[in-house]
Amino acid sequence: MVAIIAVWAVASWALLSGGCEALDNCPPSFGGLCSCGMGYSRYDNFQKEKFTVNCTNTGFTNASMLRDLPVQTEVLIFNGNTVPELPFNVFSNFNNFDDLETIDMSNNHLRFIQGKTFHKVYNVKNLILDHNDLEITDKRERPRVFSNFENLERLHLTNAFSEKINSSDYLLSLEDIFYESDLIYLKILHLEQNEIWSIGNNAKVFCQLEYLEQVLLGDNRLIDFDFRIDCLHSLRYIDLERNMIPRLSDRAMADLDSFMKSKTAGYLHVKLAENPFVCDCRSKNFLNWLNTTSVQVIDWEKYRCIDGYPESNIGKLLNEVHELDCPASSSKIKTNSRNSESFHDDHVNIIHHHSGYSSSTIGALSFFLVFTSSMLLAIAYFHKQKIMDLVVPYWDFITRKIGYTGISNDETPQELVKNGLGDMKNATKDEKPEKIPIKS
């Protein structure tokens, strides 16, 4: 029994450490905190032993030791540290890392990557920068940050960007990066969990990735499929699960169908699972499209209505919905009707609330607002004299105060301004007002 536990412990340590041989095979600059040696890793599903350098949760605050990275390294795992910035030439500029295939720098609190950080990484196929705080806009933008990854196939940017930056801004920067970096062999792009509300203003953001096969945008805030794919002739898979999509717009469905018609062979899978679908009359075209499109919408028969009209649609599977009402007029529309009235898709109210606008909820809220307003007005009427006695003195005080302080800067005599500045210039160091720090 003891032997079994010992074997299990060793195997577990090997798996967590990347399967490397020992801790003392790394160069001295690694401080005995990393493992270097042959081992299996999850990046190729544990298929083949590779020379792996694993520096997970080592407490490093900089990446200076990576200048001594062993030249035979095939997999670099450098994550769970606190390294806000990567320097120029993070790896030695004197060595060619011909065997290096995978770089994982996730969970490092990274904010900035220099434009000349990565050199001699021509054969890297997997670059993982998940769960960082990258700033890639304005002065922090480095369009050629990935330019030396000439054979990159998989780029992981899940939850990679700073929440201080609007997603539309860093999508613009990403478009520049993709253009300048020439990632012609990139096949898989991960952009999950990045608080992306819309791509519409940057609809061509992926068009520079000529051989892109998969784009993963799950766990964002998208309300529709709104980016161009007609430029992505190799595209096979779009992941839009767990966003805020109540239904696809007519334009989105037309673009997807048009893309399928333009493909001479192959397929397109789209994943829309766990979106807050609304089953009312505005979703008629969407439900019909799901039944007729040549796009393979993965497991759509399992998707459910989160809201809808009539209320009996709530909770139903999409393929079980046969009657659709309109929230405004409550006029019924059958899903197979050809002459139904078209309604404008007001996404915003649905997006910000998973559950929506059942008639009972609206009625209850309306009654509560009217009742509360009536009570407040009644109380004010019966106590109007007391209210006047309280308000009038304060009003008189405020009006007198305004009489003294209401002079605008434009009305201030120039002499006062000049004298004030003169006094400031003649003030001693001790008399200078304290500077208030400004947060950058």
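Residues numbered from 1 in each chain as written. Predicted model: local features only at pLDDT ≥ 70, side-chain atom pairs only at ≥ 80, totals over all residues. Heavy atoms only, no water.

If you tally the helices and strands in the protein, you get eight helices and 17 strands. Across the 440 residues that make up the protein, the buried fraction comes to 42%. Of the roughly 25700 Å² of accessible surface on the protein, 54% is carried by carbon and sulfur atoms. (Helix = DSSP H or I, 4+ residues; strand = E, 2+ residues; numbered from the N terminus. Buried < 20%, exposed > 50% of the residue type's maximum accessible area, 1.4 Å probe, protein only. Areas by Shrake-Rupley, 256 points an atom, 1.4 Å probe, with all protein chains shown as cover.)

Here we come to the packing of aromatic side chains. The tally for this structure, following the rule as stated, stands at twelve aromatic pairs. Aromatic pair F225 and F227: ring centres 4.8 Å apart, planes at 65°, arrangement edge-to-face. Of the two residues, F225 and F227, both sit in the buried class. For the pair F277 and F286, a centre-to-centre distance of 5.8 Å together with 25° between the ring planes defines the contact as stacked. The buried category is assigned to F277, whose relative accessible area is 2%. Ring pairing ties together the aromatic residues F91, F97, F118, F146 and F149, which thus form one cluster. (Phe/Tyr/Trp six-rings, centres within 6.5 Å; stacked < 30°, edge-to-face > 60°.)

Most peptide bonds are trans, and most residues other than glycine sit at a negative phi. The omega angle of the peptide bond from Y309 to P310 is -5°, so this bond is cis rather than trans. Residue position: P310 is located in the loop between strand 15 (305–308) and strand 16 (323–325). Of note, the phi angle at Q193 is positive, near 55°, even though the residue is not glycine. The phi dihedral of E274 is positive, around 60°, even though this residue is not glycine. When you line up the elements, E274 lands in the loop between strand 12 (269–271) and strand 13 (277–279). Residue E274 is classed as exposed on the basis of its relative accessible area of 58%.

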